[in-house]
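Coordinate inspection notes
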Amino acid sequence: MVVAFWVLLAGLLAGIAPAPESVEDNASANLPPAASDSMKARALVRAELPGRDAVPAVVVVRGEGADAAERAREAVARITSALSGPGRPDRIVNVISTVTAPDAAAELVSRDRAAQLIVVPLSGSPSDEDFRNDVDEIRVLASDRAGPAEVAVTGPAGIATDTVKVFGGGDRTMLLATVLLVLVVLLAIYRSPLMALVPLVAVGVAMRVSEAAGALLADAGTVTVSSQTASIMTVLLFGVGTDYALIITARYREALLDEPDRPRAMRTAVRRTAESVLASASTVVLAMFALLAAVSPALRGFGPYLALGVAVMALVAFTFLPALVLVLGGGVFWPGGAGRAAARGRGAGVWHRVAALVARAPARVAAAVVALLVVMSAGLIGYQESFNPLSGFRAATESERGQGVVREEFGPGEIAPSTVVVRSRDDLRAGPVPDAVAAALAGADGVARVGERSRFGADGRTLFHEVVLDHDPYGAQALDAIGPLGETARAAAETAGARDVTVLVAGETAQSADIRSALDRDTVLVALLVLAVVTAVLVLLLRSLLAPLYLVATLLLSFLATLGATTFLTLTVLGDEGIGNRVTAYVFVFLVALGVDYNIFIMSRFKQELRTLPPAEAIGAALTRTGGVVSSAGLILAATFAVLTTQPIRELFQFGFAMALGILLDTFLVRPLLVPAVVRLLGDRALWPARPERPAPPTGPAEPVAPAESAEPAVGPSAGNAARTGLLLRAFTWIAAVEACTWAGLLIGMYVKYVPETTELGVRIFGALHGAAFVVYVLLTVLVAVRLKWGPGRTTLLALLAAVPPFATVAFEAWARRTGRLPARPAPARRPAPVP
């Protein structure tokens, strides 16, 4: 019944949900926050200058040989005629070239006259397939009419089309490589074909449910899904799904040795691994929700979709996976059998030797690991970020080739000019302001040229100047020049007599500058929130204040080493222009949230061993008995992220390499060497303020126990814990009541108060209250579940119920924007920002 339920659910959701590709939003992920100056400037440009909301394709034509200028002129004439004729693509708005606009020759012809530009604005969105088909048709027409001249189609339209093509081919390669790689590793671990297929089937079900549910939410405007998010979701679910499968099936194999009844053994396995797996999944989900605090669309839209996928994967691991193993019966371990499979998981000889090494010299082991990680961190000396979308392609594209020609023939700044927007309460058309601003901009540092013509808005109060920088428009120098450029224009306008002046800068460079500022702010904020989440989960799990501190310190050191090594390889060795501007934040969130899993597994086992062993021996036993399964899980997780290095996108390559390296460091250095060494050095204080009781000497040989799990207590809570348990239950009840009341208040407010007068502040207050209540509620649920030995089904159900009010708030906001009760986010194109 459980297997049938999940299969039917996956099929039902797949039937009613739109295709994931149809709801992907790849544009907003590459934009700065909606409230940034560059977005306000873009809105003014589109609102005040008709036709500027079209997406331009730029055809660059370069002649060759002694008569290069004449060949370029003839090719431009032929291409212009083809693009202006009756057979041209439907989305072409107009064609701007030396043929149709001779007065613009200074901007369209290179200094040596060997190259010319043709600007072809296109209506519609680059996300539409018809739009991309028109770009391809323009390329065909331009190539056919170019003759002996070199031609390439680039610009925003060309770049967007090439990006979709590059992603489309890479996704199929990545999925196939992930499946094959995970299957090979699982066959090597399980040595059983059926058992190797079980995690893959579970991941497939979770992925189908997650993608369909995510598509429904994205179609409703609740979450944002991009191509990069979808790619990372694939490898994330394969990684964590197989990890959870390894943990649960390892305990199942050992439970079968003592309990021949398979359903009973599986219940034991799920119950005794619930704490570790639930803590792991909760950490990742809460870390993803921490991204909602970001203002950058690239980070803010990243978390909820991935949190949904991990939550679904955890539910599948606790329900579908055990049920499928039971349906397959004893043959699931063929040909070796359950006994041989269990024997392999009890701790191989290599882990005994590692434990002995840590026991002999914990200080030297810790010092050696820390020294190695510090040396790897030295790669951060060459760290720099890149905001150039074209340098992110790891495959040759026509748009990149065209931009190279533009850079060579017209100068680096011509690739992406900026627009300085000056807005005043006065009519600027008749006064000295336009000439004064143009002269000041022409003399500013870093400016190559200023457009010959000033443009004005319909009411004359808005002035537009095109400015070309003499730097790479995506480089740090150009980004740093945006602020002084605006100040220069402001000072010139005020000196010329303009009143109440507002100056904004539009264009790719200004948007990149705002993206950089937002990411700098968000990276620090999100990092602090993720560390707080991880620390809180470790405190609740280990009942310790000291242990979370040194465990988080090891995660930070591992992150710095990973980022340093990634910087050295990709920039120094491979020659990348810089680290992708979002990679650092992505790596931190994922590496900390996933890397802490292995600390959770070994430390929860350490707590279990303390019941029968002193601390020095307990950490050795925990290391030995978690070594095999946790190392296998880490190897699979690293391998799945390594598949991202097959992607022809720089950011995904860097992210995949960094994650694979960081997980390997956590799996084979931090977890088996550094953490046990620190615990051994701290001794009885390792779990301060808790101190282990001195165990009685064992009367017989110790019974082997399963790896990576917490032992199930034989009895319920003691009388000494009754007061704390009652306090927890009261807090849990009050939080549940607050959630219920605020949810009811939201529903009432939707239909009574906020329908006629919805405000941004009201929605934000509701969102903040529900978000805070959600976090507290989930943490209390986990704590109560651990103390009262709740089953995973009950715990998960109560935790998921807490998510209903926050998602109801998000759904209400989406509804309010669609019905006009709140301004729609993309509306600034028609509603320019007010002037103070």
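Scroll up to find the structure.
Here the structure is a predicted model, which is why all the values come from computation and not from measurement.

Remarks on the overall build of the protein
Summing up its helical and strand segments, the protein has 28 helices and ten strands in all. Counting only residues that meet the buried cut, the protein has 54% of its 836 residues in that class. For the protein, the exposed surface amounts to about 34000 Å²; the carbon and sulfur share of it is 62%.

Digging into the packing of helix 7 (residues 193-219) against helix 12 (residues 320-328)
For the pair helix 7 and helix 12, the least separation of the axes is 10 Å and the interaxial angle reads 135°. Taken together, the axes of helix 7 and helix 12 are oblique relative to one another. Crossing handedness for the pair helix 7 and helix 12: right-handed. Facing helix 7, whose interface residues are Val198, Pro199, Val201, Ala202 and Val205, helix 12 presents Phe320, Leu321, Leu324, Val325 and Leu328.

Things to note about the nonpolar core
Among the nonpolar cores identified, the biggest contains 187 residues, and Val422, Phe590, Met603, Phe606 and Phe641 are the most heavily contacted of them. Tallying contributions element by element places helix 21 (residues 583-609) first for this core, with 18 residues. When near neighbours in sequence (up to four residues on either side) are disregarded, Met603 contacts Leu542, Tyr550, Leu551, Val675, Val679 and Leu687. Core analysis: the second largest hydrophobic core is formed by 23 residues, Ala75, Ala146, Ala149 and Ala157 among them.

Some details on the environment of Ala213
Among the secondary structure elements, Ala213 is positioned in helix 7. Taking C-alpha positions, Ala213 is 9.6 Å from Ile16, a pair spaced 197 residues apart along the chain.

Examining the pairing of strand 8 (residues 462-469)
Side chains on a regular strand alternate between the two faces of the sheet. Counting buried residues in strand 8 gives seven out of eight residues, a clear majority hidden from the surface. Summarising the sheet, strand 5 (residues 418-423) and strand 8 pair through six bridges and their orientation is antiparallel. The residue bridging Val421 from the neighbouring strand is Phe464, located in strand 8. Looking at chain direction, strand 6 (residues 447-450) and strand 8 are connected through three bridges and run antiparallel. Residue pairing in the sheet places Val450 in a bridge with Val467 of strand 8. In this structure, strand 7 (residues 455-456) lies alongside strand 8, joined through two bridges in antiparallel fashion.

Quick look at the packing of helix 7 against helix 8 (residues 227-258)
Packing of helix 7 against helix 8 leaves a shortest axis separation of 9 Å and a crossing angle of 135°. Between helix 7 and helix 8, the angle falls in the class oblique. The two elements helix 7 and helix 8 meet at a crossing, and its hand is right-handed. Residues Met195, Pro199, Leu200, Val203, Ala206, Met207 and Ser210 of helix 7 form the contact with helix 8, whose participating residues are Met233, Thr234, Leu237, Phe238, Gly241, Thr242, Ala245 and Thr249. Per-class residue counts for the contact of helix 7 with helix 8 are ten nonpolar, five polar and no charged.

Considerations on the pairing of strand 1 (residues 55-62)
In terms of burial, strand 1 is largely enclosed, as seven of its eight residues are buried. For strand 1 and strand 2 (residues 115-122), the ladder comprises eight bridges, and the chain directions are antiparallel. Bridge pairing in strand 2 places Val55 opposite Leu122. Across five bridges, the pairing between strand 1 and strand 3 (residues 150-154) is antiparallel. In the strand pairing of strand 3, Val59 is matched with Val153.

Description of the sheet that holds strand 3
Paired through their backbone hydrogen bonds, the strands of a sheet run either parallel or antiparallel. Pairing within the open sheet is antiparallel, and its three strands lie in the order 2-1-3. Of all strands in the sheet, those with a lone pairing partner are strand 2 and strand 3, marking the two edges. Recorded for the sheet is a direction-independent mean angle of 20° between the axes of neighbouring strands. Seen against the sheet, helix 3 (residues 68-84) touches strand 1, strand 2 and strand 3 and runs at an angle of roughly 15° to strand 2. Helix-sheet contacts for helix 16 (residues 398-410) involve strand 1, strand 2 and strand 3, and the interaxial angle to strand 3 is about 110°.

Quick word on the pattern of salt bridges
Evaluation of the coordinates by the stated rule reveals 21 salt bridges. With a shortest N-O distance of 3.0 Å, Glu150 and Arg62 are connected by a salt bridge. With Glu150 in strand 3 and Arg62 in strand 1, the pair connects residues that are 88 residues apart, well separated along the chain. The class of Arg62 is buried, set by a relative accessible area of 16%. Here Glu409 and Arg62 are joined by a salt bridge, their closest N and O atoms 3.2 Å apart. You can see Glu409 sitting in helix 16 and its partner Arg62 sitting in strand 1, a full 347 residues away along the chain. Exposure class is identical for Glu409 and Arg62. Each is buried. Here the salt bridges do not stand alone but share partners, grouping Arg62, Glu150, Arg401, Glu408 and Glu409 into one network.

Examining the environment of Val166
Secondary-structure assignment places Val166 in helix 6 (residues 155-190). Residue Val166 is classed as buried on the basis of its relative accessible area of 11%. A sequence separation of 481 residues divides Val166 from Gln647, and the C-alpha atoms of the two residues are 8.5 Å apart.

Comments concerning helix 20 (residues 546-573)
The terminal C-alpha atoms of helix 20, which comprises 28 residues, lie 40 Å apart, in line with the 40 Å expected from a rise of 1.5 Å per residue. At the C-terminal side of helix 20, Gly575 shows a positive phi close to 80°.

Some points on the packing of aromatic side chains
The tally for this structure, following the rule as stated, stands at six aromatic pairs. Where Phe5 meets Trp6, the ring centres are 5.7 Å apart and the plane angle is 75°; that geometry is what we call edge-to-face. You can call Trp6 buried: its relative accessible area is 7%. Aromatic side chains Phe641 and Phe655 sit 5.9 Å apart centroid to centroid with 80° between the ring planes, which places their arrangement in the edge-to-face category. Of this pair, Phe641 sits in helix 22 (residues 615-642) while Phe655 sits in helix 23 (residues 650-682); the two residues are 14 residues apart in sequence, bridging distant segments of the chain.

Some words on a nonpolar patch on the surface
The grouping of Leu194, Leu197, Val201 and Leu328 at the surface amounts to a nonpolar patch, some 290 Å² of accessible area in total. The biggest single contributor to the nonpolar patch is helix 7, with three residues. Look at Val201 and you get partly exposed, because its relative accessible area is 39%.

Basis of the calculations
Residues numbered from 1 in each chain as written. Predicted model: local features only at pLDDT ≥ 70, side-chain atom pairs only at ≥ 80, totals over all residues. Heavy atoms only, no water. Helix = DSSP H or I, 4+ residues; strand = E, 2+ residues; numbered from the N terminus. Buried < 20%, exposed > 50% of the residue type's maximum accessible area, 1.4 Å probe, protein only. Areas by Shrake-Rupley, 256 points an atom, 1.4 Å probe, with all protein chains shown as cover. Axes fitted to C-alpha atoms, helices over the stretch in contact; angles between N-to-C directions. Parallel < 35°, antiparallel > 145°, perpendicular 65-115°, else oblique. Left-handed = near helix turned anticlockwise from the far one by under 90°. Contact = heavy atoms within 4.5 Å. Core = buried A, V, L, I, M, F, W, Y, C linked by side-chain atoms within 4.5 Å. Pairing = 2+ DSSP bridges. Nonpolar A, V, L, I, M, F, W, Y, C, P; charged D, E, K, R; others polar. Salt bridge = Lys/Arg side-chain N within 4 Å of Asp/Glu carboxyl O. Expected span 1.5 Å × (residues − 1). Phe/Tyr/Trp six-rings, centres within 6.5 Å; stacked < 30°, edge-to-face > 60°. Patch = residues over 30% accessible without salt bridge, like charges linked within 9 Å, V, L, I, M, F, W, Y side chains within 5 Å.

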